[in-house]
Amino acid sequence: GAVVSQHPSWVICKSGTSVKIECRSLDFQATTMFWYRQFPKQSLMLMATSNEGSKATYEQGVEKDKFLINHASLTLSTLTVTSAHPEDSSFYICSARDRGTSIEAFFGQGTRLTVV
Amino acid sequence: GNSVTQMEGPVTLSEEAFLTINCTYTATGYPSLFWYVQYPGEGLQLLLKATKADDKGSNKGFEATYRKETTSFHLEKGSVQVSDSAVYFCALSRGNTPLVFGKGTRLSVIA
């Protein structure tokens, strides 16, 4: 299947700093990428939909100024957590759809963010 | 709106036992249905999918059949292994919209 690479797989940062997470589709082009947040032992919460070359669409309750999403190319989307706080600590997962099939989504391995 | 309901976990089984994880959905039209698996500390992997009524998705001994009459997509495996221990998510999508996930079912298989 198609491969989505997410980097870093884990990161620890200090309160007030910003952290960037990258999501790359390695062997396909993705016009649409999705960013999720997952709390311990819970399901995935969709944060935003990222479309190549346009502004991301954020779900209700997600602060767009805090979670900056950029989808500059057909293979790369980034999520930047700005001015991170301990409550932002979570597991963040991206997924991407192959522009050719647009049926199934492929997921990155996730990023464990810990803000201290 | 679209939604997915799957059985609450955790589910604990002995090795070689039969597994069923129930999943039902609510959606307009004809969604595509998926089962994803998440191993500890990892992202989600597509386990199987079905795109139309009566389709059967299968992979690694797991199966699920798209039943439109009962709006269900139950996951089954005849003989589970310890390595199947993970969280399983049922999901649906329509067109290019984001996946809608169930809450996940944690499976623990003991030797």
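Refer to the structure presented above.
These numbers come from a predicted model, not from an experiment.

Cut-offs and rules
Residues numbered from 1 in each chain as written. Chains lettered and ligands numbered in written order. Predicted model: local features only at pLDDT ≥ 70, side-chain atom pairs only at ≥ 80, totals over all residues. Heavy atoms only, no water. Helix = DSSP H or I, 4+ residues; strand = E, 2+ residues; numbered from the N terminus. Rg over C-alpha atoms; globule rule 2.2 N^0.38 Å. Buried < 20%, exposed > 50% of the residue type's maximum accessible area, 1.4 Å probe, protein only. Lys, Arg positive; Asp, Glu negative; His and termini not counted. Charge placed at Lys NZ, Arg CZ, Asp CG, Glu CD. Contact = heavy atoms within 4.5 Å. Salt bridge = Lys/Arg side-chain N within 4 Å of Asp/Glu carboxyl O. Polar contact = N/O pair within 3.5 Å; in protein donor to acceptor, adjacent residues only side chain to side chain. Nonpolar A, V, L, I, M, F, W, Y, C, P; charged D, E, K, R; others polar.

Novice: Account for the overall build of chain A, naming residues and giving values.
Specialist: Looking only at helices and strands, chain A features zero helices and 11 strands. For chain A, the succession of helices and strands along the chain, N to C, is β-β-β-β-β-β-β-β-β-β-β. Computed over C-alpha atoms, the radius of gyration of chain A comes to 13 Å, within 12% of the 13 Å expected from 2.2 N^0.38 for 116 residues, which places it in the range of a compact globule. With the principal axes as the frame, chain A shows a C-alpha extent of 40 × 25 × 20 Å. Put simply, chain A has 116 residues, and 50% of those count as buried. Between the averaged position of the 11 positive side-chain charges in chain A and that of its 10 negative side-chain charges there is a distance of 4 Å.

Novice: Describe the interface of chain A and chain B, with residues and values.
Specialist: Counting from both sides, the interface comprises 21 residues of chain A and, opposite them, 22 residues of chain B. Our enumeration of links across chain A and chain B arrives at zero salt bridges. Inspection of the region where chain A meets chain B yields six residue pairs in polar contact (both at pLDDT 80 or more). Every element with two or more residues in the side of chain A that touches chain B is listed here: β4 (32-38), β5 (44-51), β9 (90-97) and β10 (105-107) of chain A. At four residues, β4(A) tops the list of elements feeding residues into the side of chain A that touches chain B. Looking at the side of chain A that touches chain B residue by residue, the classes come out as nine nonpolar, nine polar and three charged.

Novice: Give a detailed account of the pattern of salt bridges, specifying residues and quantitative values.
Specialist: All names here are of chain A. All told, the structure shown has five salt bridges over all chains when counted by the stated rule. Its salt-bridge partner being Arg24, residue Glu22 comes within 3.5 Å of it at the nearest N-O pair. With relative accessibility at 24%, the residue Glu22 sits in the partly exposed group. Residue classification places Arg24 among the partly exposed positions, given a relative accessible area of 34%.

Such coordinate-based values are descriptive only and should not be taken to indicate function.
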